[in-house]
Amino acid sequence: MSTKKLNDKDIMNLLIDTAIANGATSADCVLSRSRGVSITRRLGKDENIQRYEDFDTGLRVFVGNKISSVSTNENSEEALRKVAKRAVEMAKIAPEDEYSFIASKELLQNFPIQDSVFIDSYDSVEPSVDVIRDRASEVEDIALSVKGITNSDGADSSWGEGETLLMTSNGFFGSSKKSNHSVSVVVIAEKNGKMERDYDYSSKVYGEDLKDGEKIGREAAKKTLARIGAKKPVTGQYPVIFDPRVSRSIASHFASAINGSSIARKTSFLKDSLNNKIANESITLIDDPFLKRGLGSRLFDAEGLGTKKNELVSNGILKNYLLNLSSARQLGLNTNCNAIRSLTSPPSIGVSNAMIMPGNIDEKDMIKNISNGFYITELLGSSVSLITGDYSRGASGFWIKNGKLSNPISEATIAGNLKEMFLQMLPANNLDLNSTISAPSILINEMTIAGGSNT
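Just so you know, these numbers come straight off a predicted model, no measurement behind them.

Visitor: Honestly, the side chain of Asp-288 in this entry has me stumped. Any pointers?
Guide: Tracing the backbone through its elements, the reader meets Asp-288 in the loop between strand E8 (285-287) and strand E9 (310-314). For the buried residue Asp-288, which engages in no salt bridge, the nearest side chain bearing the opposite charge is Lys-309, 4.3 Å off. A polar contact of 2.9 Å, which involves the side chain of Asp-288, links it to the backbone nitrogen of Phe-290. Non-local contacts of Asp-288, meaning those with residues more than four positions away in its chain, are made with Lys-309, Ser-352, Asn-353 and Met-355.

Given below as structure tokens:
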């Protein structure tokens, strides 16, 4: 047996070829390499430094409609052949799955990769450990220098890069390389024996795009100090504004409710809603894999199909579900190339860069128009049913009084139903792109707020 060193493409070819030679009717393979550094600093000292370098390969094989998935970090020919043979034997005794399949050559031709699109998802500048440490030190030092901040819960800074390769027995081969830089800090303020904490952070593809460290530190301190003296709200029905840190959870509920697998299982309150009004006409939700320097940008999905920009909700009308090949087949629709995948599981459904598009109103003007309401900066726990839309979460933030933010609020519970919330939603113009799911501040005209009898 040859002892030559196998490169990544050799490894993938060997796994697929061995699987086919041993009875698989089709197969696909994902190979992932990643490395990075993360540092946690607290009160000027390193608390934790981690370096990682990972290599893993996942193989999915089909024997007719029977499927198995395995993973390995082996790279010798003998070990790889054993893995592929074992995967085929596992598939032979697996249950039938009539909806799962790999993309045919025709599908691959119908959904070509848009090579001309430059998504700029990889920063070739690798920061030194000292630079990563300095990022954490700066945000913590600045935050601690603010009068009233009494302690730090730590600052984190990290850098990582990864490359993912996908190969199928139908002739597809593609690679995707990404990088990520992030920095965050959590600080504490104390008054009358009661502690409050808050944070700020930044996460970007390019280190040069990170929010200025001084701004992060000062913002974390400002948010923490503003929470001192929090009270429970008065129970009742009030307008609510979700700030961008928490409004992206609303965008996430949208994505979950229009997930093709949930639609096919009829476990979503938005089943049978395609081309119907599901949200306020000011709401447009897009998934944009071509967003330049976007954290989730990609040119092909986990099934090898070229991605495209999808308008999921347009002016309140549900235009598309999130679909992969399996869910599209179940629903009698065409995939919109939203497959994602781990090494050990079949493709599921996800987003690239999903965002509720900003509206025309400034957040300050939203607040000005409210005499009594709740501005939410943090959500706790979750009781959200995607079957019924019932929504209930713990929340904290600030009371809105006569058009201004007034006293801090804690130990509140907000409740409503996502169907009604979507129809009431009004987006501000302050879209925040620190995540793969993003949203601007969102106003909902009325929600139930439970707290106490004290103002």
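Visitor: Please clarify how the pattern of salt bridges should be interpreted in this entry.
Guide: The final tally for this structure, using the stated rule, is 24 salt bridges. The shortest N-O distance in the salt bridge between Arg-35 and Glu-161 comes to 2.9 Å. Linking Arg-35 in strand E1 (residues 26-42) with Glu-161 in strand E4 (residues 149-168), this pair joins segments that are 126 residues apart in sequence. With relative accessibility at 28%, the residue Arg-35 sits in the partly exposed group. Across the salt bridge formed by Glu-214 and Arg-218, the nearest N and O atoms sit 3.2 Å from each other. Placement of the pair is Glu-214 and Arg-218 together in helix H5 (residues 213-226), with a separation of four residues, close to one helical turn. With relative accessibility at 35%, the residue Glu-214 sits in the partly exposed group. For Arg-218, a relative accessible area of 41% translates into the label partly exposed. One connected set of salt bridges, linked through shared partners, spans Glu-196, Asp-198, Arg-227, Arg-245 and Glu-378.

Visitor: How should unusual backbone geometry be read in this particular structure?
Guide: A negative phi angle is the norm for most residues apart from glycine, just as the trans form is the norm for most peptide bonds. Of note in the backbone geometry, Asn-275 takes a positive phi value of approximately 70° without being a glycine. Topologically, Asn-275 is positioned in the loop between helix H7 (260-265) and E8. Its identity is not glycine, yet Glu-411 carries a phi of approximately 55°, on the positive side. Assignment of secondary structure puts Glu-411 in strand E16 (residues 404-417).

Visitor: Would you mind showing me how to read a negative patch on the surface here?
Guide: A cluster of acidic residues, Asp-134, Glu-138, Asp-141 and Asp-212, forms a negative patch on the protein surface. When you line up the elements, Glu-138 lands in helix H4 (residues 129-144).

Visitor: In this structure, what is going on with the packing of aromatic side chains? I would like to understand it.
Guide: The geometry of an aromatic ring pair is captured by two quantities: the separation of the ring centres and the angle between the planes. Applying the stated criterion to the full structure yields six aromatic pairs. Taking the centre distance of 6.0 Å and the plane angle of 45° together, the rings of Phe-269 and Phe-422 count as tilted. With a gap of 153 residues between them, Phe-269 in the loop between H7 and E8 and Phe-422 in helix H10 (residues 418-424) connect regions that are remote in the sequence. In this structure, Lys-9 packs its charged tip against the face of Phe-173, placed 4.5 Å from the ring centre. Here the guanidinium or amino end of Arg-245 rests over the ring plane of Tyr-199, the centre of that ring lying 4.1 Å away.

Visitor: Where do I start with the environment of Ser-26 in this structure?
Guide: Relative to the elements of secondary structure, Ser-26 occurs in strand E1. Take Ser-26: its relative accessible area is 12%, and that puts it in the buried class. The contact partners of Ser-26, leaving out residues within four places of it in the chain, are Ile-20, Arg-60, Val-61, Phe-62, Ile-102 and Ser-169.

Visitor: Before we go on, may I ask you to explain the packing of helix H1 (residues 8-21) against helix H2 (residues 77-92) in this structure?
Guide: It is at 8 Å that the axes of H1 and H2 come closest, and there the two elements cross at 40°. Classified by the interaxial angle, the pair formed by H1 and H2 is oblique. When the axes of H1 and H2 are compared, the crossing they make is right-handed. Counted together, Ile-11, Leu-14, Leu-15, Thr-18 and Ala-19 of H1 and Glu-77, Leu-80, Arg-81, Val-83, Ala-84, Lys-85 and Val-88 of H2 form the full contact between these two elements.

Visitor: Can you help me understand the pairing of strand E14 (residues 372-384) in this one?
Guide: For a regular strand, the rule is simple: side chains alternate between the two faces of the sheet. With three bridges joining them, strand E7 (residues 236-242) and E14 adopt parallel strand pairing. Across the sheet, the residue bridging to Phe-242 is Ile-376, located in E14. Sheet analysis places E14 next to strand E15 (residues 390-401), joined by 10 bridges and oriented antiparallel. By the bridge assignment for E15, Leu-380 is matched with Gly-394. The antiparallel pairing of E14 with E15 creates a hairpin that spans five residues between the two strands, and Gly-389 there sits at a positive phi of about 90°.

Visitor: Teacher, can you tell me more about the sheet that holds strand E18 (residues 437-438) here?
Guide: Sheets are built from strands paired through backbone hydrogen bonds, the pairs being either parallel or antiparallel. Reading across the sheet, the five strands line up as E10-E9-E8-E13-E18 and stay open at both edges, with mixed pairing between neighbours. Looking at which strands have only one partner, the edges of the open sheet turn out to be strand E10 (317-318) and E18. Bridge count between strand E13 (residues 354-356) and E18: two bridges; the pairing is parallel. Bridged to Met-355 within E18 is Ser-438.

Scoring rules and cut-offs
- Residues numbered from 1 in each chain as written.
- Predicted model: local features only at pLDDT ≥ 70, side-chain atom pairs only at ≥ 80, totals over all residues.
- Heavy atoms only, no water.
- Helix = DSSP H or I, 4+ residues; strand = E, 2+ residues; numbered from the N terminus.
- Buried < 20%, exposed > 50% of the residue type's maximum accessible area, 1.4 Å probe, protein only.
- Lys, Arg positive; Asp, Glu negative; His and termini not counted.
- Salt bridge = Lys/Arg side-chain N within 4 Å of Asp/Glu carboxyl O.
- Polar contact = N/O pair within 3.5 Å; in protein donor to acceptor, adjacent residues only side chain to side chain.
- Contact = heavy atoms within 4.5 Å.
- Patch = residues over 30% accessible without salt bridge, like charges linked within 9 Å, V, L, I, M, F, W, Y side chains within 5 Å.
- Areas by Shrake-Rupley, 256 points an atom, 1.4 Å probe, with all protein chains shown as cover.
- Charge placed at Lys NZ, Arg CZ, Asp CG, Glu CD.
- Phe/Tyr/Trp six-rings, centres within 6.5 Å; stacked < 30°, edge-to-face > 60°.
- Lys NZ or Arg CZ within 6 Å of the ring centre and 35° of its normal.
- Axes fitted to C-alpha atoms, helices over the stretch in contact; angles between N-to-C directions.
- Parallel < 35°, antiparallel > 145°, perpendicular 65-115°, else oblique.
- Left-handed = near helix turned anticlockwise from the far one by under 90°.
- Pairing = 2+ DSSP bridges.

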